Amino acid sequence: EAQVTQNPRYLITVTGKKLTVTCSQNMNHEYMSWYRQDPGLGLRQIYYSMNVEVTDKGDVPEGYKVSRKEKRNFPLILESPSPNQTSLYFCASSSGLADEQYFGPGTRLTVT
Amino acid sequence: LAKTTQPISMDSYEGQEVNITCSHNNIATNDYITWYQQFPSQGPRFIIQGYKTKVTNEVASLFIPADRKSSTLSLPRVSLSDTAVYYCLVGDLGNYGQNFVFGPGTRLSVLP
């Protein structure tokens, strides 16, 4: 089944403790993105990647890192999480520039 | 980057046709229009995409007038399960990062 998977689905952590949210897609898509969603603000793009080893900042990249060492994986790294990064995170992938995006199930992160 | 404006919310009754209009006065030649649907705590799901005139698929129709300054998503005979947030996106065919700028969307409530 074609899908985007994220892990973990839920995470509660403390300020400053490094964490990684994994994202994997099995559709051989070149394009991948990370979004965060907060009430009243909609979805905002954090980082995106157009291919292996090619990443770029979205609208809200501060406090996040990403890597794209393999085509299927696009992990989101929070080196020193802060409470303002408490949010619902989505990973997405698409096969081309203008093609529809497939979204993962989301990761709900709480930073205390 | 073309900014989009949609109604914040809409109500409808089961069985009715729902039309959600999105304004994008600054749409550029290379921009296309895409609509996504999002249920609570789930990632957005692609509904339909178009460049001009009318596009129809099994779930919706998209009407785009000749000047392309607006577009209308039409959902025929809605049911309770169509209650969701609907996003209109306008993106440049040649710029992946711009393709997926989500605004606040339109919250559709379908009533029995």
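Throughout, residues of each chain are indexed from 1 in the direction in which the sequence is written. All chains are assigned letters beginning with A, and all ligands numbers beginning with 1, in the order in which they are written. Reporting in this predicted model follows two pLDDT cut-offs: at least 70 for local features of residues, and 80 or more for side-chain atom pairs to be given and counted; totals over whole chains, interfaces and linings ignore these cut-offs and use all residues. Only hydrogens and water are set aside; all other atoms, that is, all heavy atoms of the structure, feed into the side-chain values.

### Overview of the interface of chain B and chain A
Frequently, the measure chosen for interface size is the accessible area that the parts lose on association.
Part 1: If you look at the interface, chain B gives 19 residues, while chain A gives 23 residues.
Part 2: Secondary structure follows DSSP: runs of H or I at least 4 residues long count as helices, runs of E at least 2 residues long count as strands, and numbering of each begins at the N terminus. Mapped by element, the contributors of at least two residues to the side of chain B that touches chain A are strand S3 (31-38), strand S4 (45-50) and helix H1 (96-99) of chain B.
Part 3: Put simply, Ala, Val, Leu, Ile, Met, Phe, Trp, Tyr, Cys and Pro go in the nonpolar bin, Asp, Glu, Lys and Arg in the charged bin, and everything else, Gly too, in the polar bin. Broken down by class, the residue content of the side of chain B that touches chain A amounts to 9 nonpolar, 10 polar and no charged. In this analysis, two residues are considered to be in contact whenever any of their non-hydrogen atoms come within 4.5 Å of each other.

### Considerations on the environment of Tyr102(A)
All names here are of chain A.
Part 1: Considering the arrangement of structural elements, one finds Tyr102 in strand S10 (residues 102-103).
Part 2: To sort residues, take the accessible area from a 1.4 Å probe on protein chains only and compare it with the maximum for the residue type: under 20% means buried, over 50% means exposed, and anything in between is partly exposed. A relative accessible area of 36% places Tyr102 in the partly exposed class.
Part 3: Discounting residues that sit within four places of it in the chain, Tyr102 has contacts with Val4, Met27, His29, Cys91, Ala92 and Ser93.

### A look at the sheet that holds strand S9 (residues 106-111) of chain B
Strands in a sheet are paired, the pairing made by backbone hydrogen bonds, and the direction either parallel or antiparallel.
All names here are of chain B.
Part 1: Strands are treated as partners if at least two bridges between them are detected by DSSP. Spatial strand order, S1-S9-S8-S3-S4: 5 strands in an open sheet with mixed pairing. Single-partner strands in this sheet number two, and they are strand S1 (9-13) and S4. If you compare each strand with its neighbour and ignore which way they point, the axes differ by 25° on average.
Part 2: The sheet contact formed by strand S8 (residues 84-92) and S9 spans 3 bridges and is antiparallel. Bridge assignment links Tyr86 to a residue of S9, and that residue is Thr106. Every axis corresponds to a line fitted to the C-alpha atoms, with the helix fit spanning only the stretch in contact, and the corresponding angles, defined between N-to-C directions, vary from 0 to 180 degrees.

### Observations concerning the environment of Lys69(A)
Part 1: Looking at where Lys69(A) falls in the secondary structure, it is placed in the loop between strand S7 (65-66) and strand S8 (76-78).
Part 2: Take Lys69(A): its relative accessible area is 62%, and that puts it in the exposed class.

### Concerning unusual backbone geometry
Backbone phi values are negative for most residues with the exception of glycine, while trans is the configuration of most peptide bonds.
Part 1: Cis geometry is adopted by the peptide bond preceding Pro8(A), which originates at Asn7(A) and carries an omega value of -5°.
Part 2: Structurally, the position occupied by Pro8(A) is in the loop between strand S1 (4-7) and strand S2 (10-13).
Part 3: Of note, the phi angle at Asn28(A) is positive, near 60°, even though the residue is not glycine.
Part 4: Structurally, the position occupied by Asn28(A) is in the loop between strand S3 (19-25) and strand S4 (31-38).
Part 5: Unusually for a residue other than glycine, Arg68(B) sits at a positive phi of about 60°.
Part 6: Residue position: Arg68(B) is located in the loop between strand S6 (61-64) and strand S7 (70-75).

### Structural notes on the sheet that holds S7(B)
All names here are of chain B.
Part 1: With antiparallel pairing, the 4 strands of this open sheet are ordered in space as S2-S7-S6-S5. One side of each edge strand has no neighbouring strand; the edge strands of this open sheet are strand S2 (18-23) and strand S5 (53-56). Taking the axes of each pair of neighbouring strands and ignoring which way they run, one obtains an average angle of 15° across the sheet.
Part 2: Pairing analysis gives 3 bridges linking S6 to S7, with the strands arranged antiparallel. If you follow Ser61 over to S7, its bridge partner there is Ser74.

### Some thoughts on the packing of aromatic side chains
Part 1: Each pair of aromatic rings taken from Phe, Tyr and Trp, with Trp reduced to its six-membered ring, is defined by centres within 6.5 Å and is described as stacked if the planes are under 30 degrees apart, edge-to-face if over 60, and tilted in the remaining cases. Taken as a whole and judged by the stated rule, the model has 9 aromatic pairs over all chains.
Part 2: With centroids separated by 6.0 Å and ring planes inclined at 80°, the aromatic side chains of Phe103(A) and Phe102(B) adopt a geometry described as edge-to-face. Of the two residues, Phe103(A) is situated in strand S10 and Phe102(B) in the loop between H1 and S9; the pairing between them involves two chains. Assigned by exposure class, Phe103(A) and Phe102(B) land together as buried.
Part 3: Plain terms: the ring middles of Tyr36(B) and Phe46(B) are 5.9 Å apart, the flat faces sit at 85° to each other, and that makes the pair edge-to-face.

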